[in-house]
Structure formats: structure tokens, C-alpha cells
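Structural description and commentary
Chain by chain, the residues run as shown.
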Amino acid sequence: MLYILLSIAVILPVLIGFGEVFQRFFGEIWLGISSKIFSGIFLLAMVWQIWAFWYPLNLWVEGVSLIIGFSAFFYFKSFKYFSKFSKREILKLSFLILIAIFSGSYYPFILDHFGYYVPSISWLSELGLTKGLANLNLIYAQMSVWHIFQAGFSHFSDSFLRINVVFLITFFIYIFEKEMWSLLFISPVFLFFLQSPSPDLPAIALSLIILNEILRNNHNLKLLFAFSVFVFTIKPTMVWLPIFVFSYFLKKKNLKFLWLGVLVGLIYIFKNIWLFGYPFFPVQIAGLDVSWLPNKEILKQSSEVAIMKTYDLKFTISEIQKFTTWDYIYNWFTINTYKKYIHFAFILSLILFGVFAFMKKNKLVTILFFSILTKSILILLFSAQYRFFLDVFFVIFVLIFNEKIKEKLAYLSFGLATFVILLVLSFPKILQNQVPTFKLGYYMKGFVIKQIYRPAYYKLNSYQTFKIGNLEFHVPNYDLCFDTPQPSLSPDLVKKYDEAGIFPQKISDNLEDGFVWKKLSEDDKKALKQIILKLNK
């Protein structure tokens, strides 16, 4: 907790400083210190993303960024904005900040933390955005801009990767500035996303803020659209947001204000082509004829896994391919886990939202409904996993209860929900016993005393080193590569390459120059079989 508190004391002024710089060029998206912090996040994430195409986000990048941010913070005398809060508000905010810090000090338990977030951040920190990186590991092709942002703070300011705590505190500041108690009402759910640099928290929370600003008649189209595209680059399943903002403000005279958002989108597309060969991961359309396109068999395996996850891995891909239309629908609604209830709630919410939009006959509500519907159809077509449409529930709640939740009710709800969540985080066996189908519950480790001075984290650092062709790589002696030196491959991925008959290779002698895939020679096939036998032991 003490370490996180120090991180906050370093990172927040830096973000405010960069936010001041941003606002001197592009203006304020809304009034308040929260807009400066979010603008600082936007500016730093975009600058670091562009920088990472040529250089890693190493300690020097972080150090220079801290100096610039602090200098701007004091030059513009940004500390004066904190005096606008009353003593009562500061006391309440301190309480919320303490909860966020405490919640963020637990062990990470989201599986993507170990197989996706940490490896991506370590690669960015050591090597940057490398051409054809998807050929080494397809999961790197996702490379959220949020992990680029986290990588920039991962050496000194936030080495335990708890940047989401900083984001949630900024979200709390926004709530107090705008007195948006409906957002505080739903905030306890975000406590589950503080132990990891999960892009879900910033993507959902920032989308709700943008929605709230539009509901409050904020007409700063240039920044609202730019931030909505930025949210999309954090998590592409938030595609409804830029569609909504663009459609709601669509007028011929407004088109000239779209340039900043278009620029953000073009950088995102270039990043995807640089890493993956296609403009939008994981969609395999409009690909360029570049030499680093991923192997089709690996792409097919990835698509099949996504489809199987739709049904919680209860069916094989061959079984799913034999489904009738009715089978697709019936099996999705009858999965023998808690997820079936979320599926029912999702479809029911969409139906009720549609009825509400029809009865309301309001332009904003109608456009929002069709934007959400478009996103939902895309999700249902590609991979209808419940985690991809959780944001829909938050959007509908904020739309309906935007200014109807009073402060006392919000605090009462927040307090009760927080108590339950902290109880679950501290004593996870309660969740394991009550909801045995909730798999993530088994990765929660409960409270440990060392959380008082630093966040809990795992450090196993056990791996083996092998070489196939010109690529020397490291394989952990467990399932995921969260603390294995780069380049690292999980045991499962090594086996997939063996099945596909291919293996990643360096373009040149330097890792920084990128990767392609090549068919395995007979000697390499034998060598890879021996590696797999060794891993199996």
C-alpha cells in the first residue's frame, strides 16, 4: 500500500503536467482537474506509442517523461486546483483513495495478467513495437495502448503495474467534480480490476465519462471524438463509442473537427499492420501483402479457440461446427455456469433498451441504442464471450439513472458492495465455495501482511532456454510467461507451432528488426519434438 501511495504521488502530478501541455494545444474537454489528468494520459499514451515504433520504453524514457511532467506541473502551478475541493470533499475522496489503494495491493488473479498483460509490457519496455511481433506470439498483436501507457511507467514509478489504481482515483475525482453519484454507485465493480493493468477498467470507465459529458450537453466534438477513438484503441470491443459520438454529432460543418480522432485511429491501424499485418486484430480482412503476415494455421487455431470460449470450452470445434442455428442459441443460453445468467441478462437488457429507445423518441437515446446494437452483433458473430459485453450493462444503467442516484444512496451502496468485494478478495474460499464455476476465484490468494508496504506479486523465474533456427527463446516451467525473459514462448504455444509445422524466426540478427514464420525443416522438426518431450517431463 505504501508503494502504491508513493506511485500515485509521482504519477498524478506528471499526468496533470502533461495535461496542461495538452490543453494549451487542443483545449479542455471539460472543466476540472480530472480533465487535465485524462488529457495527460491521452498525450503520454500517444507520444509513447509513436516512440515505441523506433525505441523501447525504457528507464530513460520514463525518467525524461517524469522530469517534463513535473516541470509542467510546477510551471503552470497546477497544484492550486486541489484547493477547490472542500475539506469535507477531501475527506471523502481520501476514503475512496484508501479503498482503491488497498484493493490494488492484492495478488493479481486475472489470467490475462500472466499470459498477455505482463509479457506485452515487458516486451515494450525492452524492445518497443517490433515488426511482425504476432509471428512470435499472436497475443502480442492485441497490444492495447493501455499497456503501452503502463510500460512507460513500469521501471521506476510503477514497477508493480498498478496503474489502474491511478486511473480509478482520477475517476473518483471526476465523480466529485461533476457530482455524478450514479458512477460512484457502480464503481465497486472496478475494484476487481486494480491488481492488474487490465484495459477493461479505463475503457469502460472512460466510455461512461464521455457518455455522461454528452448527456450534459458537452459539444466539444473534436476532443469527445478523439477520446472515444482513444477508448477504442484501449479495447476494440468498445467500438460502439466512436460510432455513437460520430453519429450523434454528424453534420457537414462538424467534419473538420474529426481530424484528431482520425489521427488516433490511423496510428492504431498502422500499429496493427506493423505487428499483425491486418488493420484490425483479430479480423483478417484488408491485409496488406507484407512479408510478416501471420501463419494461416495459427490464425485458424486462434479463431477456433475464440469460438470454443463462447461456450466456455464445453464443446470441441468439430462439435460446434455441426451445430444448427438452434444449437448455437440453445447451448449459449444453457451453459452450465453462472455465465448463462449473464447471457440472459444481456439479451433482456438489449430488448428493454430497444423498447425504451422506441418510447423515448429521443435522438441521443436512439443513436446510442443502435451503436450498442451494432457492437453487440459484431461480438455475437466473432466470439460471444460475456466479458466482451459487460460494458453494455453499465451504459444502460448510466443512461437511465444518470442524475437519479443521490449521494447518500451512492455511498451506502458503494460501502456495502466494497465490504463484500474486499471480503471476497481477502477470503477467496467464500467465492470458491459459493460460485464454484467462477474459475478466476481459484486464482485469488487472499490478504497477506506484506501488502501493507508493497503490492503482492508472483515471482517464480523458472524457465528453460532452447533454439530453433535462428531464434533462441525461453520457455517457463509453468503455463504462462509472466516473468520469463524475452523472447518467451509458453509450452502450449511451442506445441501449437509443432502442430502447424512452422516456427517464428528473426528477420535479422537483432530482435528489434522483427519476426516472420518459416516452415520447419526435418532437422528442426526433430529438435522441436525433443524440446516438447523435455517440457512434458
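Shown above is the structure to which this text applies.
Rules of the game
Residues numbered from 1 in each chain as written. Predicted model: local features only at pLDDT ≥ 70, side-chain atom pairs only at ≥ 80, totals over all residues. Heavy atoms only, no water. Helix = DSSP H or I, 4+ residues; strand = E, 2+ residues; numbered from the N terminus. Buried < 20%, exposed > 50% of the residue type's maximum accessible area, 1.4 Å probe, protein only. Core = buried A, V, L, I, M, F, W, Y, C linked by side-chain atoms within 4.5 Å. Axes fitted to C-alpha atoms, helices over the stretch in contact; angles between N-to-C directions. Parallel < 35°, antiparallel > 145°, perpendicular 65-115°, else oblique. Left-handed = near helix turned anticlockwise from the far one by under 90°. Contact = heavy atoms within 4.5 Å. Phe/Tyr/Trp six-rings, centres within 6.5 Å; stacked < 30°, edge-to-face > 60°. Lys NZ or Arg CZ within 6 Å of the ring centre and 35° of its normal. Salt bridge = Lys/Arg side-chain N within 4 Å of Asp/Glu carboxyl O. Pairing = 2+ DSSP bridges.

Quick look at unusual backbone geometry now. Look at the link from F281 to P282: it is a cis peptide, with omega at 0 degrees. Relative to the assigned elements, P282 resides in the loop between α12 (259–275) and α13 (296–310). A cis amide bond links Q486 with the next residue in sequence, P487, at an omega value of -5 degrees. By the element assignment, P487 lies in the loop between β2 (471–476) and α21 (491–500). Positive phi is not limited to glycine here, since M143 has a value of about 20 degrees. Structurally, M143 can be placed in the loop between α5 (111–126) and α6 (145–152). Given a relative accessible area of 0%, M143 falls into the buried group. In this structure, N461 is a non-glycine residue whose phi angle is positive, near 50 degrees. Take N461: it is sitting in the loop between α20 (429–434) and β1 (463–468).

Within the fold, F281 resides in the loop between α12 and α13. Expressed as a C-alpha distance, the spacing of F281 and I67, which sit 214 residues apart in the sequence, is 35 Å.

By size, the foremost hydrophobic cluster in this structure holds 181 residues, and its most contacted members are F149, F153, F244, V245 and F473. Sorting elements by how many residues they give to this core places helix α7 (residues 163–178) first, with 12 residues.

Put simply, helix α9 (residues 200–215) and helix α10 (residues 221–234) touch, their axes get as near as 9 Å, and they point 160 degrees apart. The angle between α9 and α10 places the two elements in the roughly antiparallel class. Helix-helix and strand crossings are classified by hand; for α9 and α10 the assignment is left-handed. Each of P202, A203, L206, S207, I210, E213 and I214 in α9 lies in contact with α10, whose residues at this interface are L224, F227, S228, F230, V231 and I234.

All right, on to the packing of aromatic side chains then. This model, assessed by the stated rule, comprises 66 aromatic pairs. Look at F73 and F74: their rings are 5.2 Å apart centre to centre, the planes differ by 85 degrees, and that puts the pair in the edge-to-face class. Geometrically, the ring pair formed by F270 and W274 is stacked, given 6.0 Å between the ring centres and 20 degrees between the ring planes. In this pair, F270 and W274 are both assigned in helix α12, four residues apart and thus about one turn of the helix distant. Members of the aromatic cluster, each reached through a chain of ring pairs, are W30, F38, W48, W146, F149, F153, F167 and Y174. The ring of F358 has K361 lying over it, and the distance from NZ or CZ to the ring centre is 4.4 Å. Taking the ring centre of Y248 as reference, the NZ or CZ of K363 above it sits at 5.2 Å.

Time to look at the pattern of salt bridges. This structure, assessed with the given rule, holds 13 salt bridges. The salt bridge involving D391 is made with K375; its shortest N-O contact spans 3.0 Å. Linking D391 in helix α18 (residues 390–400) with K375 in helix α17 (residues 363–382), this pair joins segments that are 16 residues apart in sequence. Each of the two residues, D391 as well as K375, counts as buried. Residue K529 is joined to D498 by a salt bridge in which the shortest nitrogen-to-oxygen separation is 3.0 Å. Of this pair, K529 sits in helix α22 (residues 522–536) while D498 sits in helix α21; the two residues are 31 residues apart in sequence, bridging distant segments of the chain.

Right, let's talk about the pairing of β2 for a bit. Within β2, five of the six residues are buried, leaving the element largely enclosed by the surrounding structure. Bridge count for β1 against β2 is six bridges, and the pairing is antiparallel. Residue pairing in the sheet places Q464 in a bridge with V475 of β2. Hairpin geometry of β1 and β2 is characterised by an intervening segment of two residues between the two adjacent antiparallel strands and by a positive phi of about 65 degrees at G469.

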